[in-house]
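Structure assessment
Residues per chain are reported as follows:
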Amino acid sequence: EHFGEFMDNVHFMQTLANIKICPAMMGKGMINLYRFKDVAAPKDENLTFKVLPVMLQSCVPPQVLFSTLGIISPPPISVVLRQLRALTENETILDRWTNNSSIDKVFSDLFSFLQGEFS
């Protein structure tokens, strides 16, 4: 109802961005509070879930506020490469897969992202 008032108040939004108020989960761990700039959007989960906490879907702000709050989507290539490394450096990780997406879907998303970056 008051969305416009918040969006117009840059000082408020910058203050909000620096407070740990965003519930997010790292892998299948516990939910903790993070700053918005320290989490990934749920739509980027397959690109980040091993290296960045992923905010809960119910707490995703409107896309128009992402940059103001410090949310980077899609994530930087450095984050995606860290994710790829985290998924491939330990050969047993695929044997203990716990992500909601299938292994095929995660790697397909990773390689699609990388192909787009290097084309």
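Residues numbered from 1 in each chain as written. Predicted model: local features only at pLDDT ≥ 70, side-chain atom pairs only at ≥ 80, totals over all residues. Heavy atoms only, no water.

Counting its secondary structure elements, the protein chain contains six helices and three strands. Dimensions along the principal axes, computed over C-alpha positions, put the protein chain at roughly 50 × 35 × 20 Å. The buried share of the protein chain, reckoned over its 119 residues, is 33%. Intrachain contacts of the protein chain at a sequence separation of at least 6 include 55% that bridge at least 24 residues. As displayed, the protein chain offers around 7400 Å² of accessible surface, 56% of which is attributable to carbon and sulfur atoms. Placing the 10 positive and 12 negative side-chain charges of the protein chain at their respective mean positions leaves the two points 7 Å apart. (Helix = DSSP H or I, 4+ residues; strand = E, 2+ residues; numbered from the N terminus. Buried < 20%, exposed > 50% of the residue type's maximum accessible area, 1.4 Å probe, protein only. Contact = heavy atoms within 4.5 Å. Areas by Shrake-Rupley, 256 points an atom, 1.4 Å probe, with all protein chains shown as cover. Lys, Arg positive; Asp, Glu negative; His and termini not counted. Charge placed at Lys NZ, Arg CZ, Asp CG, Glu CD.)

Time to look at the side chain of asparagine 99. By secondary structure assignment, the location of asparagine 99 is in the loop between helix 5 (77–88) and helix 6 (103–117). Residue asparagine 99 is classed as buried on the basis of its relative accessible area of 12%. A distance of 2.7 Å separates the side chain of asparagine 99 from the backbone nitrogen of serine 101, its partner in a polar contact. With residues near it in sequence (within four places) discarded, asparagine 99 still touches Lys28, Glu45, Asn46 and Phe49. (Polar contact = N/O pair within 3.5 Å; in protein donor to acceptor, adjacent residues only side chain to side chain.)

It is worth spelling out the environment of threonine 92 at this point. Within the element layout of this structure, threonine 92 appears in the loop between helix 5 and helix 6. Through-space distance from the C-alpha of threonine 92 to that of lysine 20 is 33 Å; in sequence the pair is 72 residues apart. Side chain to side chain, threonine 92 and asparagine 90 meet in a polar contact 2.8 Å long. Looking at threonine 92, its side chain comes within polar contact range of the side chain of arginine 96, at 2.9 Å.

Within a regular strand, side chains alternate between the sheet's two faces. Relative to strand 2 (residues 31–34), strand 1 (residues 22–25) is paired through four bridges, and the arrangement is antiparallel. Following the sheet pairing, proline 23 is matched in strand 2 by leucine 33. Where strand 1 hands over to strand 2, the hairpin turn is made up of five residues, of which glycine 27 adopts a positive phi near 60°. Note that strand 1 and strand 3 (residues 54–55) share two bridges and pair antiparallel. (Pairing = 2+ DSSP bridges.)

Let us look at the environment of arginine 35. Relative to the assigned elements, arginine 35 resides in the loop between strand 2 and helix 3 (45–48). Taking C-alpha positions, arginine 35 is 9.5 Å from alanine 24, a pair spaced 11 residues apart along the chain. Those residues in contact with arginine 35 that lie beyond four places of it in its chain are Ala17, Asn18, Ile19 and Lys20. A polar contact is formed between the side chain of arginine 35 and the side chain of aspartate 38, at a distance of 2.8 Å.

Right, let's talk about the pattern of salt bridges for a bit. Once their charged atoms are close, side chains differing in charge can pair, the charge on each being opposite to the other. For the coordinates displayed, the defined rule picks out two salt bridges. Of the charged contacts in the structure, one is a salt bridge between arginine 35 and aspartate 38, with a shortest N-O distance of 2.8 Å. Take arginine 35: its relative accessible area is 27%, and that puts it in the partly exposed class. Judged by relative accessible area, aspartate 38 falls into the partly exposed class, the value being 25%. Between aspartate 109 and lysine 105 there is a salt bridge, with its nearest N and O atoms 2.9 Å apart. Residue aspartate 109 and its partner lysine 105 are located together in helix 6, separated by four residues, close to a single helical turn. (Salt bridge = Lys/Arg side-chain N within 4 Å of Asp/Glu carboxyl O.)

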